[in-house]
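Tertiary structure, described
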Amino acid sequence: MDRTFRQRLEDRVRQAIISRHRRSGVVLFSDTTLRDGEQMPGATLEPHEKLQIALALERAGVHSLDAGFPASSEADVEAIRLMVGRVRGPVLTALCRTVRSDVDAADRALEGNPVHKRGVSLFCGTSPLHRTYKLGKSRAEILKLITETVGYAAERFRIVAFSPEDASRTELDFLCECYREAIAGRGGIAQYGRGGERLLRGLYKTLKYLGNPVLCFDNFAYTYGQLGYLSSVISYQLSVIGDK
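Below: a short report on this structure. (Residues numbered from 1 in each chain as written. Predicted model: local features only at pLDDT ≥ 70, side-chain atom pairs only at ≥ 80, totals over all residues. Heavy atoms only, no water.)

1. Some details on the packing of aromatic side chains
The geometry of an aromatic ring pair comes down to the distance between the two centres and the angle between the two planes. The cut-off we apply is this: Ring pairs are drawn from Phe, Tyr and Trp, using the six-membered ring of Trp, whenever the two centres fall within 6.5 Å, and their geometry is named by plane angle: stacked under 30 degrees, edge-to-face over 60, tilted for the rest. Helix numbers and strand numbers start at the N terminus; a helix is a DSSP run of H or I with at least 4 residues, a strand a run of E with at least 2. Per-residue accessibility, obtained with a 1.4 Å probe over protein chains only, is compared with the maximum for each type, and a residue is labelled buried under 20%, exposed over 50%, and partly exposed between these values.
By the definition in use, this model includes one aromatic pair. When the ring of Phe 69 is compared with that of Phe 123, the centres are 6.3 Å apart and the planes differ by 80°; the resulting orientation is edge-to-face. Within this pair, whereas Phe 69 is found in the loop between strand 2 (64-68) and helix 4 (74-83), its partner Phe 123 is found in strand 4 (residues 118-125), the two being separated by 54 residues in sequence. Here Phe 69 and Phe 123 have matching classes, each one buried.

2. Regarding the pairing of strand 4
Convention followed: At least two bridges found by DSSP between two strands are what make those strands a pair. Classification remark: right-handed applies to a crossover when, strands pointing away from the viewer, the course from the first strand over the helix to the second runs clockwise.
For strand 4, a buried count of eight out of eight residues is recorded, marking the element as mostly surrounded by other parts of the structure. Across the two faces of strand 4 the burial is the same, with Arg 118, Val 120, Leu 122 and Cys 124 and Gly 119, Ser 121, Phe 123 and Gly 125 all buried. Sheet analysis places strand 3 (residues 91-97) next to strand 4, joined by six bridges and oriented parallel. Paired with Arg 97 across the strands is Phe 123, a residue of strand 4. Following the backbone out of strand 3, through helix 5 (residues 100-109) and into the adjacent parallel strand 4, one traces a crossover that is right-handed. Taken together, the seven bridges between strand 4 and strand 5 (residues 159-165) define a ladder with parallel strand orientation. Looking at the pairing, Val 120 lines up with Val 160 of strand 5.

3. Quick look at the environment of Phe 29
Tracing the chain through its elements places Phe 29 in strand 1 (residues 28-31). In this structure Phe 29 comes out as partly exposed when scored by relative accessible area, which is 39%. For the pair Phe 29 and Ser 64, spaced 35 residues apart in the sequence, the C-alpha separation amounts to 6.8 Å.

4. Focus on the nonpolar core
What counts here: Side-chain atoms within 4.5 Å link the members of a nonpolar core, which is a set of buried Ala, Val, Leu, Ile, Met, Phe, Trp, Tyr and Cys residues. By definition, residues are in contact when any of their heavy atoms lie within 4.5 Å.
One finds Leu 65, Met 83, Val 87, Val 120, Leu 122 and Phe 162 to be the most contacted residues of the largest nonpolar core, which totals 38 residues. The leading source of residues in this core is helix 7 (residues 139-154), at six residues. Excluding residues that lie within four positions of it along the chain, Met 83 makes contacts with Leu 34, Lys 50, Leu 51, Ala 54, Ala 67 and Leu 92.

Right under this line is the structure:
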């Protein structure tokens, strides 16, 4: 089958699935406990413990699991490998920086899982603080990084989501540019942020601004914080483990 035709067909199928979910009014839950839960000081999970939690979340009917950050440690790779073939219901996703080697690590960790049950969540710092002090990159360099890495991931995964790190402190016009680049690379988009009530107060304004120029709700948008909030997908972590 011609590659261009196949990509167009996959895009049409993906959009049809997203439209169906939107019309259904069903809320899908995406759990981040297996990765984000360990960000609390002193909270660590062994690979076999992550498998037990993943199986429990599967029984609870969770739609997708943020299974780990393969590039960060061999323990996360081992945990994900234990889930492949055992956790069959939810989509298993791996966290990646906008770095090709991270995408490769996720590809290896999720090898063997059905193509419609594996994906990656890419993130990149976009706020002035992150651009200047964490990454040392200009706006143009960040946009190029997003375009190249999302496109690279889309060649290996059917499910690709991009989220700007520190989005709530990123200039709205630049946030739109970042989202446009991710969508052009055939990725979905996500809005991540923390701050509890502050995040929720600013969220409506942000999403309203993004709605027309980016059409983000046609490309799967969600957010999470200390209080999970959303339009169609809620991402959260178990409070028993805690948050930063």
